[in-house]
Amino acid sequence: MSLRLHNFSGNMRPHLPASMLASGAHHEGDGHALHQPVLVLNASYEPINVCAARRAIVLVLKGVAMTEEENGHFLHAARVAVRVPSVIRLLEYRRIPHQSRALSRKNILLRDRNTCQYCSTTLPSGELTLDHVIPRSRGGLSTWENLVACCHPCNRRKGNQLPHEANMKPAREPRSFNLHTSRHIMRLMGHSDDKWRKYLFY
Ligand SMILES: [Zn+2]
């Protein structure tokens, strides 16, 4: 599905020519907006996850979740206009297992808040890679504790060096990302989004 977005408050017209949406200054901001974090609530209103706006919109369009809060942006998917959510709620209750989350690229980027752990630049997921703090060539493993979000320039600069050799240390000690950590992250992110607060501090 092709999704395009423009600022709802900036232009109320529902259908702009595609060339206007795809060109120039709009484009970069649109990509960023689709990566904005959305709080996911269980049917019981318990916060259970954070996902990218693009994923949240797909869940709403598929009828799996409903929008509880909007973020003020408006998005066009084919001929359907959708308000970009800030908080969504699943329509069916899902039991959340008490085990830690799967190790995945997505979850490591989420843990590190899409921020390069060496130069502190925040980027869209597509512009980040995963860095082995201790390189694989030096015996480093692919684990929560040895993988961090990293921009491509920092990844190239560090190469196969150990952190002290490259004088590049991760901004934060990489940790496993369990449900407790994820709640902590959700609270941290909630500080910048008033719409999340009532769901996170109850
Ligand atoms: Zn970097």
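Residues numbered from 1 in each chain as written. Predicted model: local features only at pLDDT ≥ 70, side-chain atom pairs only at ≥ 80, totals over all residues. Heavy atoms only, no water.

### Thoughts on the coordination of the zinc ion
Six octahedral donors around a metal ideally make angles of 90 or 180 degrees; four tetrahedral donors ideally make 109.5 degrees.
And then number 1: The coordination sphere of the zinc ion, as far as protein atoms go, consists of Cys116 (SG), Cys119 (SG), Cys151 (SG) and Cys154 (SG), spread over 2.3 Å.
And then number 2: In this structure, the zinc ion is surrounded by four donor atoms whose angles at the metal cover 101 to 114 degrees, and the resulting shape is tetrahedral.
And then number 3: Binding-site remark: the zinc ion is held by donors from one chain whose sequence spacing is C-x2-C-x31-C-x2-C.
And then number 4: Among the residues examined, Cys116 registers a relative accessible area of 1% and is labelled buried. (Donors = N, O, S within 2.8 Å, 3.2 Å for Na, K, Ca; no water. Tetrahedral: all angles 85-135°; square planar, octahedral: opposite > 155°, others 65-115°. Buried < 20%, exposed > 50% of the residue type's maximum accessible area, 1.4 Å probe, protein only.)

### With respect to a positive patch on the surface
And then number 1: Together, Arg55, Lys62, Arg94 and Lys106 make up a positively charged patch on the protein surface.
And then number 2: Among the secondary structure elements, Arg94 is positioned in the loop between β5 (80-90) and α4 (105-111). (Patch = residues over 30% accessible without salt bridge, like charges linked within 9 Å, V, L, I, M, F, W, Y side chains within 5 Å. Areas by Shrake-Rupley, 256 points an atom, 1.4 Å probe, with all protein chains shown as cover. Salt bridge = Lys/Arg side-chain N within 4 Å of Asp/Glu carboxyl O. Lys, Arg positive; Asp, Glu negative; His and termini not counted. Charge placed at Lys NZ, Arg CZ, Asp CG, Glu CD. Helix = DSSP H or I, 4+ residues; strand = E, 2+ residues; numbered from the N terminus.)

### Quick word on the pairing of β5
For a regular strand, side chains alternate in direction, first toward one face of the sheet and then toward the other.
And then number 1: Burial runs high along β5: eight of the eleven residues are buried.
And then number 2: As judged from the three bridges shared by strand β2 (residues 37-41) and β5, these two strands associate in the parallel manner. Bridging from a neighbouring strand, Leu39 pairs with Val87 of β5. (Pairing = 2+ DSSP bridges.)

### Some words on the environment of Glu145
And then number 1: With respect to the helices, strands and loops of the structure, Glu145 is situated in the loop between β6 (128-132) and β7 (147-151).
And then number 2: Apart from the residues lying within four places of it in its own chain, the contact partners of Glu145 are Pro174 and Ser176. (Contact = heavy atoms within 4.5 Å.)

### Quick look at the confidence of the model for the protein
And then number 1: For the protein, mean pLDDT is 77; residues scoring 70 or higher make up 72% of the total.
And then number 2: The spread of mean pLDDT over the elements of the protein runs between helix α1 (residues 18-22), the lowest at 33, and helix α5 (residues 152-158), the highest at 97.
And then number 3: Taken together, the stretch residues 1-29 has pLDDT below 50 and engages in 49 contacts with residues farther than four places along the chain or on a different chain. (pLDDT = per-residue confidence, 0-100.)

### Regarding the side chain of Asn146
And then number 1: Secondary-structure assignment places Asn146 in the loop between β6 and β7.
And then number 2: We classify Asn146 as buried; its relative accessible area is 7%.
And then number 3: Within the structure, the side chain of Asn146 is placed 2.8 Å from the backbone nitrogen of Ile134, a separation counted as a polar contact.
And then number 4: One polar contact links the side chain of Asn146 to the main-chain carbonyl oxygen of Leu141, over a distance of 2.8 Å.
And then number 5: Ignoring any residue separated from it by four or fewer positions in sequence, one finds Asn146 in contact with Asp131, His132, Val133, Ile134, Gly140 and Leu141. (Polar contact = N/O pair within 3.5 Å; in protein donor to acceptor, adjacent residues only side chain to side chain.)

### A look at the nonpolar core
And then number 1: In this structure, Val38, Val40, Ile57 and Ile88 are the most contacted members of the largest nonpolar core, which totals 15 residues.
And then number 2: Breaking this core down by element, the ones donating at least two residues are β2, β3 (47-52), α3 (53-61), β4 (65-77) and β5.
And then number 3: Not counting residues within four places of it along the chain, the set of residues in contact with Val38 comprises Asn49, Val50, Cys51, Ala52, Ala53, Ala56, Pro85, Ser86, Val87, Ile88 and Trp196.
And then number 4: Grouped together as the second largest cluster of nonpolar side chains are 13 residues, Leu128, Val148, Ala166 and Met168 included. (Core = buried A, V, L, I, M, F, W, Y, C linked by side-chain atoms within 4.5 Å.)

### Considerations on the pattern of salt bridges
And then number 1: Scanning the entire structure with this criterion turns up five salt bridges.
And then number 2: A salt bridge links Asp112 to Arg111; the nearest nitrogen and oxygen atoms lie 3.0 Å apart. Take Asp112 and Arg111: they sit in the same class, and that class is buried.

### Digging into the environment of Ser125
And then number 1: Looking at where Ser125 falls in the secondary structure, it is placed in the loop between α4 and β6.
And then number 2: The class of Ser125 is partly exposed, set by a relative accessible area of 23%.
And then number 3: The spacing of Ser125 and Leu110 is 15 residues in sequence and 9.2 Å in space, taken between C-alpha atoms.
And then number 4: Ignoring any residue separated from it by four or fewer positions in sequence, one finds Ser125 in contact with His35, Arg105, Leu109 and Asn114.

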